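Structural description and commentary
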Amino acid sequence: MLAVALPCAAQSYFYSRIGSKTDLATKPDFGLALMGGGADQDDAFRWLCEKADGGDFLILTATRDDEYNPYVSKLCQLNSVATLGILSQQDAEDPAAAEIVRNAEAIFITGGDQSKYVNYWSGTPLQQALNAGIAAGKPIGGTSAGLAVLPQFSYSAQGDKPDDKNLSSAETLANPLHPRITLVRDFLRIPLLRDVVTDTHFAKRDRLGRTLVFLARLVQDGHHPRAIGVDERSAVLVDANGAGKVVGTGKGAYFISPEAKPEALRANVPLTLDGYSVYLAPTGATFDLKHWKGDGGTQYRLSVRDGRISSTKGGGEIY
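Scope of this entry: the structure provided in the associated data block. Keep in mind the model is a prediction, meaning the values are calculated, not measured.

Below, the discussion takes up the nonpolar core. Ranked by size, the top nonpolar core spans 52 residues in total, and within it Leu58, Leu84, Ile109, Trp121, Ile140 and Phe255 carry the most contacts. Look past the residues within four positions of Leu58 in its chain and what remains in contact with it is Tyr15, Ala82, Thr83, Leu84, Ile100, Val101, Ala104, Ala106, Ile107 and Phe108. By size, the runner-up hydrophobic cluster in this structure holds 29 residues, among which are Tyr155, Ala203, Val213 and Tyr276.

Spelled out as structure tokens, the structure:
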């Protein structure tokens, strides 16, 4: 297949493409590939490719790394596979970058630093092109930071400093108003992810506590949120009707909804909220996002008191 790397002379964005130089208009089928990070799941990418109907597959990133191009092109029969690296807000303002997004039949957003996506894309033609594609029924997926920016409520990591470690569950449970907890709204507009917040590397990096705090914060602000936590090496593949299936070799996905308002949600006071409903969907299980109901998994309940999580799951396990 023909490969071309085309950094724009007038802007700094990076563009690398494998396959046909000419865009092919096909009829994509909407779907969501919610990937938890870690090793990429071939089945998830093949599924996203199938939704593209042989058209043009675009990887969005904030780097000059096009390693996904050969990976996706080997898995799938497509007109082209390309990577668009947006390195600044100026890049996202470029009409040519937005046109690349408009011409894609499927979009995948890589991992990395989600604050760059939020800071660079917000209020730009590129963001508008993304949302227009979603509204037109084009499939979209993301892993790690790419998954973080898909739902209505996104943990944006905009409060982080360059040398900060990942925001931990212990930090957030101890101080639910921690300044690093930054949640943005309506960055992307995906109806199936309305009122949803996501988190990634879920069991592997012990993200449950911070997700419970995200939910408590949103409840406190008057919203009716739900959360989807996807473990490393796992993905949830959701069709246009909201029917999702879990694939991969990780622990699966966690679908969480708060059942009460927080009793204590103040700065430097550990969180208290009783309780949360959790549905753990392992590989092979299904979950209906529209009706928030699963099959093939395990239902249990969590509570948080003074920053400590308790569970009704066997053995008191929280994962």
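Okay, the packing of aromatic side chains next. Within this structure, the stated rule accounts for 15 aromatic pairs. The interplanar angle of 35 degrees and the centroid separation of 5.1 Å between the aromatic rings of Phe202 and Tyr254 together place this pair among those described as tilted. Of this pair, Phe202 sits in the loop between β10 (196–200) and α9 (208–220) while Tyr254 sits in strand β14 (residues 253–258), and the two are 52 residues apart along the sequence. Residue classification places Tyr254 among the buried residues on the basis of a relative accessible area of 1%.

Right, let's get into unusual backbone geometry. Outside of glycine, negative phi angles account for most residues, and trans bonds account for most peptide bonds. Cis rather than trans, the peptide bond between Asp274 and Gly275 has omega equal to 15 degrees. Mapped onto the fold, Gly275 is located in strand β16 (residues 269–281). A positive phi angle, close to 70 degrees, is found at Asp195, a residue other than glycine. As for its placement among the helices and strands, Asp195 is situated in the loop between β9 (183–185) and β10. You will see that Asp206, though not glycine, has its phi angle at about 50 degrees, which is positive. Residue classification places Asp206 among the partly exposed positions, given a relative accessible area of 40%.

So, on to the pairing of strand β20 (residues 308–311). Of the pairings in the sheet, the one linking strand β19 (residues 298–305) to β20 comprises 4 bridges and is antiparallel in character. When the bridges of β20 are listed, Val304 appears paired with Ile309. Remark: 2 residues form the turn of the hairpin made by β19 and β20, two consecutive strands paired antiparallel; Asp306 in that turn has positive phi of roughly 55 degrees.

Okay, helix α5 (residues 114–121) next. Judged by how many residues are buried, α5 sits mostly within the fold: 6 of 8 residues are covered. For α5, the complete set of buried residues consists of Gln114, Ser115, Tyr117, Val118, Tyr120 and Trp121. A positive phi of about 75 degrees marks Gly123, the residue just after α5.

Tallied over the entire structure, the rule returns 1 disulfide. Paired through a disulfide, Cys49 and Cys76 show a sulfur-sulfur distance of 2.1 Å. Taking the sign of the S-S torsion, 80 degrees for the link of Cys49 and Cys76, the bridge is right-handed. Of this pair, Cys49 sits in helix α1 (residues 42–51) while Cys76 sits in the loop between α2 (68–75) and β5 (80–85), and the two are 27 residues apart along the sequence.

Moving on to helix α4 (residues 95–102). Along α4, the positions that sit buried rather than exposed are Ala97, Ala98, Ile100 and Val101. The arc that holds every buried residue of α4, seen down its axis, measures 155 degrees, which confines them to one face. With a side-chain oxygen positioned 2.7 Å from the backbone nitrogen of Ala96, the residue opening α4 is Asp94.

Each value, and the rule that gives it
- Residues numbered from 1 in each chain as written.
- Predicted model: local features only at pLDDT ≥ 70, side-chain atom pairs only at ≥ 80, totals over all residues.
- Heavy atoms only, no water.
- Core = buried A, V, L, I, M, F, W, Y, C linked by side-chain atoms within 4.5 Å.
- Buried < 20%, exposed > 50% of the residue type's maximum accessible area, 1.4 Å probe, protein only.
- Contact = heavy atoms within 4.5 Å.
- Phe/Tyr/Trp six-rings, centres within 6.5 Å; stacked < 30°, edge-to-face > 60°.
- Helix = DSSP H or I, 4+ residues; strand = E, 2+ residues; numbered from the N terminus.
- Pairing = 2+ DSSP bridges.
- Disulfide = S-S within 2.5 Å.
- Arc of directions from axis to C-beta.
- Polar contact = N/O pair within 3.5 Å; in protein donor to acceptor, adjacent residues only side chain to side chain.

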